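Here's the letter readout for the chains.
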Amino acid sequence: MDSVNTIKDKISAIVSAMDQYLEPIGGAGGAVALTAVAAAATYYYSRQPVPVTPLVDLEQQTVEEFETPPNHQGSDPAPGPELIRRSRIPYKGSKDGQYFKYLDDNTKTMFDAFRRGAKLSNNGPCLGWHEDKDKPYQWINYNESLLRAKNFAAGLLATGLKPGQETNVGVYTQNCPEWVLTEQGCYCYNMVIVPLYDTLGEEACTFIINQAIISVVVVDNDTKIATLLGQRPRPLTHIVSTRPVKPELVQRAKDAGVRVSRFTEVEKLGAAANIKETPPKPEDLATICYTSGTTGDPKGVMLTHENLVADVGAVLIQLGECAPDHTDTLISFLPLAHMLERVCETAMYMQGGSVGFFLGDIRALMDDMKHLRPTLMPVVPRLLNRIYDKVWSNVAGSKFKTRMLQWALDAKEAEIKRGIIRNDSFWDRLVLKKVRDSLGGRVRLMVVGSAPMAANVLTFMRAALGCTVLEGYGQTECVAPCTLTLQGDARPDHVGPPLPCCDIKLVDVPEMNYFAASGQGEVCIRGTNVTQGYYKNPEKTRETIDSDGWLHTGDVGQWLPNGTLRIIDRAKHIFKLSQGEYVAPEKVENVYVRSQLIAQMFVHGESLKSCVVAVVVPDVDVLKAWATKNNVPGTLSVLCQSPKVKKHIMDDMNRLAKEANLKSFEQVKDIYLHPDPFSVQNNLLTPTLKAKRPELRKYFKPQLDDLYSKLT
């Protein structure tokens with residue numbers, strides 16, 4: 001608690017700051033108002049809300065274990081690179097060293113999980129949607145969802161599809177009830193669901209349909225039908241649309257030998273067929289989730305029912321008292337094709353909660369939230385960054401408002417550090433209510449994933465929203481999260497301890513000077529949430545999962561003294577931007593160095609930024625020839641500072657990016673022109689003339705920071 005003097009000082013400061021605004025009230029009215037403010041502030045500071053009780057000691061969040069390396073001699077356990085960390089949270093089997101698998105004996109598959117939720121909710125509302133931003137949400141309950149899912153899948157079987165593990169069903173829609181009905185329908189007959197999504201690109205979608213031999217794809221608009229017909233993958237014979245289809249597209253599909261059906265028509269076929277369900281077993285494949293990757297064809301991550309149920313159940317255990325239940329509502333807007341959203345929604349269905357889908361337009365998301373008033377939100381840092389920027393920009397023109405906001409945040413942060421999470425304080429009602437109301441006013445839990453979260457933004461959201469905001473880390477290959485911060489841990493800049501379903505260890509990355517003996521190294525994961533491998537790609541599987549079952553993530557982590565993990569680098573030069581997209585800098589550089597104007601290039605990106613920038617060393621001869629022709633005088637150093645030169649090089653780079661079909665997030669948004677080449681002598685190249693990326697990043701840090709400052 002603040003001292004009495006500190007409280008008095010703050011109250012005096014508030015009164016002084018507000019005095020000029022209350023003066024027009026005059027006389028007794030002003031005095032009454034000031035007294036009311038002082039009384040309210042005194043009440044706030046004198047209250048002592050009860051802090052949350054963490055699941056474990058926050059200073060010891062993991063258990064250390066040792067594993068003998070393959071070449072270790074002797075009987076004593078070996079420390080160092082084989083040091084393993086495991087969750088301290090108790091669960092069934094934890095005392096025996098077993099990985100967590102499921103919450104109860106009746107919930108071992110995704111088929112079981114949905115039925116568990118139906119029972120816990122007493123057939124409550126399950127899937128919700130609305131037709132436009134001015135209309136309220138409509139709902140179907142759990143039993144109706146189960147029946148429609150079964151009927152849809154049975155309808156596919158009635159049209160010739162075969163049940164079982166050999167059948168892969170594609171779903172190529174935005175988040176909507178039909179997405180979930182398709183997924184649950186597949187599980188009714190032990191089929192495998194394969195998500196497709198726009199950012200994969202047309203060629204990648206075609207590759208997936210061909211590799212997975214997908215004969216049926218569910219879509220939600222005519223554009224996607226046209227895309228599929230334009231590529232015409234060989235296995236595709238049936239397209240199911242959730243909406244009416246233009247007659248000319250139906251005819252075009254027919255001419256190509258592809259049947260087009262409405263989703264509701266397939267449901268009616270299944271209802272009439274009434275085919276008995278054939279549920280999956282835990283070891284059966286549930287989904288093949290293709291990662292977009294950065295080079296080459298996408299890789300299909302194979303995830304079993306056990307993988308999914310173990311990860312979701314472990315998340316629920318780690319959430320503790322803030323885990324969802326049948327009274328909660330989640331807003332679905334992150335892509336269901338990615339595993340973060342799938343895990344969050346599965347947790348809701350497993351607990352009997354309800355899920356409302358956004359309209360599909362991210363620009364109208366706030367309207368969706370005001371209608372739905374969700375209590376839970378999975379989010380990515382980019383959305384929270386926008387809220388943070390907007391709040392501060394709204395008060396930027398007023399010193400009084402800025403001061404009041406900062407006081408409110410300071411007071412709330414002080415409470416958060418003591419484990420107090422609430423939204424009913426003096427500051428919540430006076431200053432922060434609008435921030436909370438912008439998200440519907442009821443959010444009690446946020447789970448942040450996909451990319452690292454800036455510490456100041458994370459602390460701001462915890463304070464401003466008065467809710468629990470947790471950050472996780474993981475990847476598709478381990479379902480989604482493998483770590484998650486604990487409720488009550490207010491410290492930012494880490495991603496928490498491992499989930500109960502897995503262990504994590506760090507291994508040496510000597511070329512980047514990261515060593516496990518120092519608590520740093522490549523993050524490796526082993527447990528019941530780790531993939532079986534990549535679909536029809538044993539070579540890539542062997543590269544990623546070693547013979548002892550450890551998944552090598554390519555991310556570099558650091559163990560903190562309290563047993564939590566911090567992600568500090570990327571071992572394979574691939575980095576992730578704030579929106580969750582991966583960029584391979586070498587691939588991007590290879591596109592741009594085709595320019596005659598560019599001799600060398602270093603592409604750089606950061607996990608807290610949404611775009612990439614670059615250092616460019618111009619080709620001396622080509623640039624000077626252009627400068628002479630265009631009457632741009634100066635030495636090379638002078639030319640590198642010329643806006644005309646920079647524009648000329650950027651124009652040529654933009655041309656090459658367009659020709660190479662670089663995605664928008666791969667395209668360089670700004671450059672710094674450097675007159676001196678990278679070399680072995682200045683320690684920016686290896687003896688084999690490869691770029692030393694860590695050294696380049698350090699060397700040009702001021703220039704790179706300057707580029708990003710101009711882009712924000």
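Residues numbered from 1 in each chain as written. Predicted model: local features only at pLDDT ≥ 70, side-chain atom pairs only at ≥ 80, totals over all residues. Heavy atoms only, no water.

### Section: the nonpolar core
Okay, so step 1: Membership of the largest hydrophobic core comes to 134 residues, with the highest contact counts inside it found for Phe333, Tyr349, Met377, Leu384, Met446 and Ile525.
Okay, so step 2: If you tally residues by element for this core, the top one is helix H10 (residues 305-319), at nine residues.
Okay, so step 3: Residue contacts for Tyr349: discarding those within four places in its chain leaves Ala113, Phe114, Gly117, Cys126, Leu127, Tyr142, Val180, Val355 and Phe357.
Okay, so step 4: Listed in part, the 31 residues of the second largest apolar core include Ile598, Met650, Ala657 and Leu673. (Core = buried A, V, L, I, M, F, W, Y, C linked by side-chain atoms within 4.5 Å. Buried < 20%, exposed > 50% of the residue type's maximum accessible area, 1.4 Å probe, protein only. Helix = DSSP H or I, 4+ residues; strand = E, 2+ residues; numbered from the N terminus. Contact = heavy atoms within 4.5 Å.)

### Description of the environment of Phe152
Okay, so step 1: Take Phe152: it is sitting in helix H4 (residues 142-158).
Okay, so step 2: Residues Phe152 and Glu265, 113 residues apart in the sequence, show an inter-C-alpha distance of 8.7 Å.

### So, the pairing of strand S26 (residues 612-618)
Okay, so step 1: Of all seven residues making up S26, seven are buried, and the element is well covered by its neighbours.
Okay, so step 2: Neither face of S26 is open: one carries Val612, Ala614, Val616 and Pro618, the other Val613, Val615 and Val617, and all of them are buried.
Okay, so step 3: Relative to strand S27 (residues 668-673), S26 runs parallel, the two sharing four bridges. When the sheet's bridge partners are listed, Val616 is paired in S27 with Leu673. (Pairing = 2+ DSSP bridges.)

### Examining the sheet that holds strand S25 (residues 598-605)
Strand pairing within a sheet occurs via backbone hydrogen bonds; the two strands may be parallel or antiparallel.
Okay, so step 1: Reading across from one edge, S25-S26-S27 is the order of the three strands in this open sheet, with mixed pairing throughout. The sheet is open, and its two borders are formed by S25 and S27, each paired with just one other strand. Averaged over all adjacent pairs, the angle separating strand axes in this sheet is 25°, with direction ignored.
Okay, so step 2: The pairing of S25 with S26 spans seven bridges and is classified as antiparallel. For Gln600, the partnering residue across the bridge sits in S26 and is Val617.
Okay, so step 3: Running at roughly 150° to S25, helix H18 (residues 585-592) makes contact with S25 and S27 of the sheet. (Axes fitted to C-alpha atoms, helices over the stretch in contact; angles between N-to-C directions.)

### Thoughts on the pattern of salt bridges
Okay, so step 1: Enumeration over the complete set of coordinates arrives at 29 salt bridges.
Okay, so step 2: Close ionic contact of Glu543 with Lys540 constitutes a salt bridge, the shortest N to O distance being 3.7 Å. Placement of both Glu543 and Lys540 in helix H17 (residues 538-544) is noted, with a separation of three residues, approximately one turn of the helix.
Okay, so step 3: On the basis of relative accessible area, Glu543 is assigned to the partly exposed category, the value being 47%.
Okay, so step 4: The class of Lys540 is partly exposed, set by a relative accessible area of 35%.
Okay, so step 5: Put simply, Glu59, Asp489 and Arg491 are held in one network by salt bridges that share partners. (Salt bridge = Lys/Arg side-chain N within 4 Å of Asp/Glu carboxyl O.)

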